[in-house]
Amino acid sequence: MKILLVASEWLPVPAVEGGAIETLVEAYLNYNEKIYHDSIDVYSIATKIDIDLSNYQYTNFIYIKNNTFMYLLKKVYYKLINNVFKKYNGNAFLSDVLNSLKKRGTFNKYDLVLVENGVQFIPILKKKLNCKIVLQLHNDYLNHDFSYYKEVYDSCDKILTVSDFISSRVNPVKNDKVSTVHTGVNYAKFNKVVPVSDIIQMREKYQISDNDLIFIYIGRIIPIKGVKELVEAFNCLSKHYFNIKLLVVGSSSFKNAKESDYVKEVMSIADGNNNIIFTGFIDNSELPILYKFCDVAICPSICNDAYPLSPIEAIVSNKCVIATMNGGIPEIVNEQTGFLVDADNLKNNLIEVIDKIIKNPKLIIEKSNKSDKLRDKFDEVNYVDRLHKELEKIWKK
């Protein structure tokens, strides 16, 4: 197949600055190099970080620079005309993608276009390109509340979502146009044996003793992720238990993100509590050590998370998970692998379940070590295979 892949306009591919979508796209491209050998042109936002692309024989990366004067001018222009005409006419990123395709003479050279989350790009790409359009939807961005729902839906030849929850939001009635392809993570990476010396070093770095029960949150520190409520809950628990620690791993956005007002507020709530540790952004390569190092992972999302990777990473790392029952999370976490809590009254619900675990640590063992049983579901090898089979079906149809 000859594929045009339009990545997210926010973070680069490969995922040198983090990002769940970018990590999944990178995984697909890596396995394509090893197994499928499809010819893929990837349009991605540029980055200042040097990226080693020497291992990519079948993938051509075209980077859109978003720090030029012309790009900034286009941002203003499209914002203005979209507001004036009350209709989406594109944006600076899509404009540069289309200009590049025209300049390269590749408008009609593809078997299909795979668009990552760019819902509003779909009708424009459908008009410009003479090929099948596939939308891979990672968030709740296309539902009946969306103003251009029908135009986008009708323009897609196929919509692939990351969870049954998102599929039901796109179309409550099941049909052939919408399919769920559950995502996965690098099983070998998160399931590997971590040297004891690395764990000891991590404990020393964060001044955590062998007797401490370690809880961990990994993700962006933003309101919809419930981090404030988690810190407030831990503040209450720390008054009664002295051998518990909470590691909050992440920043307001991704790598190099500035400290937001919300991050400052959350940190101020924890001020003076030595049982709560903020690590800042940590590179994806270090996450396996963090998961092995902790006892319980927490995913306290207030929003309807589509299908977050962090609880999958935790389960594959053989850890017990506490998560809210929002969005697609119950498709990941169940009574075998952890605890689901209601996002309403989140702080008190977290206090209740964490207190229960502290009083009965055997619960952690009962909910851990499930990775082997769930490998078929959560291994990215199987995710990529499922995705590729779907794309092949669309191509051959």
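Residues numbered from 1 in each chain as written. Predicted model: local features only at pLDDT ≥ 70, side-chain atom pairs only at ≥ 80, totals over all residues. Heavy atoms only, no water.

Participant: Explanation requested: the nonpolar core in the structure shown.
Facilitator: The nonpolar side chains of a soluble globular protein tend to be buried, and buried together. Counting 100 residues, the largest nonpolar core has Leu29, Leu125, Leu142, Leu247 and Leu391 as the members making the most contacts within it. With seven residues, the single largest contributor to this core is helix α1 (residues 20–36). Discounting residues that sit within four places of it in the chain, Leu125 has contacts with Val6, Leu94, Leu98, Val113, Val115 and Ile133. If you look at the next biggest cluster of nonpolar residues, it comprises 34 residues, including Leu237, Val263, Val266 and Val353. (Core = buried A, V, L, I, M, F, W, Y, C linked by side-chain atoms within 4.5 Å. Buried < 20%, exposed > 50% of the residue type's maximum accessible area, 1.4 Å probe, protein only. Helix = DSSP H or I, 4+ residues; strand = E, 2+ residues; numbered from the N terminus. Contact = heavy atoms within 4.5 Å.)

Participant: Whenever I open this one, the sheet that holds strand β6 (residues 158–161) confuses me. Can you help?
Facilitator: Two modes of strand pairing occur in sheets, parallel and antiparallel, and in both the strands are linked by backbone hydrogen bonds. If you walk across this open sheet you meet the seven strands as β3-β2-β1-β4-β5-β6-β7, and the pairing is parallel. The sheet is open, and its two edges are formed by β3 (59–64) and β7 (178–180), each paired on a single side. Across the sheet, the mean angle separating the axes of adjacent strands is 20° when strand polarity is ignored. For strand β2 (residues 39–45) and β3, the ladder comprises six bridges, and the chain directions are parallel. Looking at the pairing, Asp41 lines up with Asn60 of β3. (Pairing = 2+ DSSP bridges. Axes fitted to C-alpha atoms, helices over the stretch in contact; angles between N-to-C directions.)

Participant: What should I look at first to understand the sheet that holds strand β11 (residues 296–299) in this one?
Facilitator: With parallel pairing, six strands are arranged side by side in an open sheet as β10-β9-β8-β11-β12-β13. Two strands bound the open sheet, and with one partner strand each, they are β10 (276–280) and β13 (338–341). Strand after strand, the sheet turns through a mean of 20° between neighbouring axes, direction not considered. Inspection of the sheet shows strand β8 (residues 213–218) paired to strand β9 (residues 244–249) by six bridges, in the parallel sense. Across the sheet, residue Leu213 finds its bridge partner in β9, namely Ile244. Helix-sheet contacts for helix α13 (residues 346–359) involve β8, β9, β11, β12 (320–324) and β13, and the interaxial angle to β13 is about 160°.

Participant: It is not clear to me how unusual backbone geometry should be interpreted in this structure. Could you clarify?
Facilitator: Glycine aside, negative phi is the norm for most residues, and most peptide bonds take the trans geometry. Cis geometry marks the peptide bond from Val13 to Pro14; its omega dihedral reads -5°. When you line up the elements, Pro14 lands in the loop between β1 (2–6) and α1. The phi angle at Gln207 is positive, at roughly 55°, despite the residue not being glycine. Residue placement: Gln207 occurs in the loop between α8 (196–205) and β8. Although it is not a glycine, Asn369 sits at a positive phi angle of roughly 55°.

Participant: Explain the packing of aromatic side chains here, please?
Facilitator: The description of two aromatic rings rests on the distance between their centres and on the angle between their planes. Going through the model one piece at a time under the given rule, you end up with eight aromatic pairs. Ring plane angle 80° and centroid distance 5.0 Å describe the contact between Tyr56 and Phe61, whose orientation is recorded as edge-to-face. Across the pair, exposure class does not vary: Tyr56 and Phe61 are buried alike. When the centroid spacing of 5.1 Å and the interplanar angle of 75° are considered together, the rings of Tyr77 and Tyr78 count as edge-to-face. By relative accessible area, Tyr77 is classed as partly exposed at 46%. The class for Tyr78 is buried, based on a relative accessible area of 16%. Through pairs of rings, three or more aromatic residues link up here, namely Tyr56, Phe61 and Tyr63. Taking NZ or CZ as reference, Lys34 lies 5.1 Å from the ring centre of Tyr31, over its face. (Phe/Tyr/Trp six-rings, centres within 6.5 Å; stacked < 30°, edge-to-face > 60°. Lys NZ or Arg CZ within 6 Å of the ring centre and 35° of its normal.)

Participant: Would you take a moment to explain the pattern of salt bridges for this structure?
Facilitator: Opposite charge on two side chains permits them to pair, given that their charged atoms come into close proximity. Per the counting criterion, the structure on display carries 14 salt bridges. Ionic pairing is found between Lys150 and Asp154, a salt bridge with its closest N-O pair at 2.7 Å. With Lys150 and Asp154 both in helix α5 (residues 149–155) and four residues apart, the pair spans about one turn of that helix. Here Asp305 makes a salt bridge to Lys225, at a shortest N to O gap of 3.0 Å. With a gap of 80 residues between them, Asp305 in the loop between β11 and α12 (309–316) and Lys225 in the loop between β8 and α9 (227–238) connect regions that are remote in the sequence. In this structure, Asp305 and Lys225 share a single accessibility class: buried. (Salt bridge = Lys/Arg side-chain N within 4 Å of Asp/Glu carboxyl O.)

Participant: It is not clear to me how the side chain of Ser163 should be interpreted in this structure. Could you clarify?
Facilitator: The topology assignment puts Ser163 in the loop between β6 and α6 (164–170). Here Ser163 is in contact with Thr180, His182, Ala306, Tyr307, Gly328 and Glu331, once residues within four sequence places are set aside.

Participant: Is there a simple way to think about the packing of α9 against α13 in this case?
Facilitator: Helices that pack against each other are described as a pair by the angle of their axes relative to one another and the distance between those axes. Their axes nearest at 8 Å, the elements α9 and α13 cross at an angle of 50°. Judged on the interaxial angle alone, α13 and α9 are oblique. Here α9 and α13 pass one another in a crossing that is right-handed. The segment α9 lies against α13, with Glu229, Leu230, Glu232, Ala233, Phe234, Cys236 and Leu237 engaging Leu346, Lys347, Leu350, Ile351, Ile354 and Asp355. Residue composition of the contact of α9 with α13, by class: nine nonpolar, no polar and four charged. (Parallel < 35°, antiparallel > 145°, perpendicular 65-115°, else oblique. Left-handed = near helix turned anticlockwise from the far one by under 90°. Nonpolar A, V, L, I, M, F, W, Y, C, P; charged D, E, K, R; others polar.)

Participant: Explain a nonpolar patch on the surface here, please?
Facilitator: Judged by side-chain polarity, Phe69, Met70 and Leu73 come together as a nonpolar surface patch covering roughly 350 Å² of accessible area. You can see Leu73 is positioned in helix α2 (residues 69–85). (Patch = residues over 30% accessible without salt bridge, like charges linked within 9 Å, V, L, I, M, F, W, Y side chains within 5 Å. Areas by Shrake-Rupley, 256 points an atom, 1.4 Å probe, with all protein chains shown as cover.)

Participant: Looking at this structure, how should I read the environment of Phe61?
Facilitator: Among the secondary structure elements, Phe61 is positioned in strand β3. Along the backbone, Phe61 and Ser44 are 17 residues apart, and their C-alpha atoms lie at a distance of 7.3 Å. The contacts of Phe61, once residues within four sequence positions are left out, are Val13, Pro14, Leu29, Val42, Leu53 and Tyr56.

Participant: Which parts of the structure should I look at to understand the state of the cysteines?
Facilitator: Cysteine pairs can be covalently joined through their sulfur atoms, and such a bond is termed a disulfide. Applying the stated criterion to the full structure yields zero disulfides. In this model Cys156 remains outside any disulfide bridge; the closest cysteine sulfur is found in Cys131, 12 Å from its own. (Disulfide = S-S within 2.5 Å.)

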